[in-house]
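Fold and contact review
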Amino acid sequence: MNIQKPYLLFLGDAHDQLAAKVADGIKQWHPEYCVGQYRMANCHADCQLTDMDIDAAVKAGAKTLVVGVANRGGIISKEWISVLSAALEKGMDLAAGLHNKLSDVPELRALADRLGRNLFDVRHPTQQYPVASGRKRSGKRVLPVGTDCSCGKMYTALAIEKEILARGGKATFRATGQTGILISGAGVSVDAVVSDFVSGAVETLAPANEADHWDVIEGQGSLFHPSFAGVTTGLIHGAQPDALVLCHEPTRTHMRGVDYPIPDIADCMALNLKMAQLTNPDARFVGISLNTSALSDADALALMAELEVRHGLPVVDPFRQGVGAIVDKLAAL
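Under an unreviewed UniProt entry, the name given to the protein chain is N-acetyltransferase DgcN, and the organism recorded is Phytobacter ursingii.

Put into structure tokens, the structure is as follows:
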């Protein structure tokens, strides 16, 4: 998928700010992609962008209306159809990462077909991927992995890309989930790829590149999560990472959605490294990234210092202090 920029972010009738987390993510990481936001009368979210109607957005250059809000069940609400239709009629494409496909809404599908517009259902891949080869390819790749789901892998990857680019280096964030795709404008949602082709999809997503270029590949799931370990395994093998970053939320005791304990950090790193060395024997960990949002500054810093001593790696919270120490390690590879 290659979604045309810039975007008009559709917040619809979001009942609170959390419901607009996709739009918030796009605005935080790539504000230059956003011409404004569209809020319906009963919207309770605000991304602090200029409020625009469809005509104003088109005049400002918007190419795609991005559904940046999620409702219960992830459906295309009937109340949204008139706005989405107007965007198509005025020349915009549509993009969404909901469970319900834009292309499954008859009136939107018919209108897009008639007008020659694109409907991007980013959760659902539209191309065929090869079986992975495992062959060594040029360029460098870094992959965040986690002790659990939703513990900061995407945020860490985006922060690493931003830091490398700020230093004048070469880097590309490679999105593997629907939110990352909408933030970056391209990628593949690997959790919707047939299992035999996950590694091949990632090889396609992060192909051979210049020797000094870093592909920063968005991690998914956890090798210790009974629901998603398979996706994580395929992603690791296809990424062929030169470097791994362990992501962890230190206040959790159990994995999200299941009655399994959070694994020990050292055990998690050992298993991820073993998996990574199948397709890249030189793979290594370059740091630990913590989500310390539930800790005080003092407690967070104390924990980071303790983990640095224990594991001999830089330990950071990307939000509190950035990922400079991890990028320093990447620069030495």
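**Brief notes about the sheet that holds strand β2 (residues 34-39)**
The parallel open sheet is built from 5 strands, whose spatial order is β2-β1-β3-β4-β5. Two strands bound the open sheet, and with one partner strand each, they are β2 and β5 (119-121). In this sheet, neighbouring strand axes are inclined to one another by 20° on average, regardless of whether the strands run parallel or antiparallel. Relative to strand β4 (residues 93-96), strand β3 (residues 64-67) is paired through 3 bridges, and the arrangement is parallel. Each bridged residue has a counterpart across the sheet, and for V66 the counterpart in β4 is A95.

**Some thoughts on unusual backbone geometry**
With the exception of glycine, most residues fall at negative phi, and the peptide bonds are largely trans. Of note, the amide linkage connecting K5 to P6 takes the cis form, showing an omega dihedral of 0°. In this structure, S150 is a non-glycine residue whose phi angle is positive, near 50°. You will see that Q240, though not glycine, has its phi angle at about 50°, which is positive. One can find Q240 in the loop between α8 (229-239) and β9 (243-248).

**Comments concerning α8**
Of all 11 residues that make up α8, 8 are buried, and the element is covered over most of its length. Every buried residue of α8 is accounted for by A229, T232, G234, L235, I236, H237, G238 and A239. Packed against the buried residues of α8 are β6 (140-146), α7 (198-205), β8 (213-217) and α9 (265-276). With its phi angle positive at about 50°, Q240 sits one or two positions after the end of α8.

**So, the UniProt feature "domain: D-glutamate N-acetyltransferase-like C-terminal" (unreviewed entry) in the protein chain**
In the UniProt entry, the feature "domain: D-glutamate N-acetyltransferase-like C-terminal" (unreviewed entry) is given for residues 131-327. Secondary structure content for residues 131-327 is 38% helix and 16% strand, and the end C-alpha separation is 32 Å.

**Observations concerning the side chain of D148**
Within the secondary structure, D148 sits in the loop between β6 and α5 (153-166). Filtering out sequence-adjacent residues up to four positions away, D148 remains in contact with K153, G221, S222, H225, R252, H254, M255, R256 and I262.

Rules used throughout
Residues numbered from 1 in each chain as written. Predicted model: local features only at pLDDT ≥ 70, side-chain atom pairs only at ≥ 80, totals over all residues. Heavy atoms only, no water. Pairing = 2+ DSSP bridges. Helix = DSSP H or I, 4+ residues; strand = E, 2+ residues; numbered from the N terminus. Axes fitted to C-alpha atoms, helices over the stretch in contact; angles between N-to-C directions. Buried < 20%, exposed > 50% of the residue type's maximum accessible area, 1.4 Å probe, protein only. Contact = heavy atoms within 4.5 Å. UniProt positions renumbered as here; feature names shortened; annotations may be inferred.

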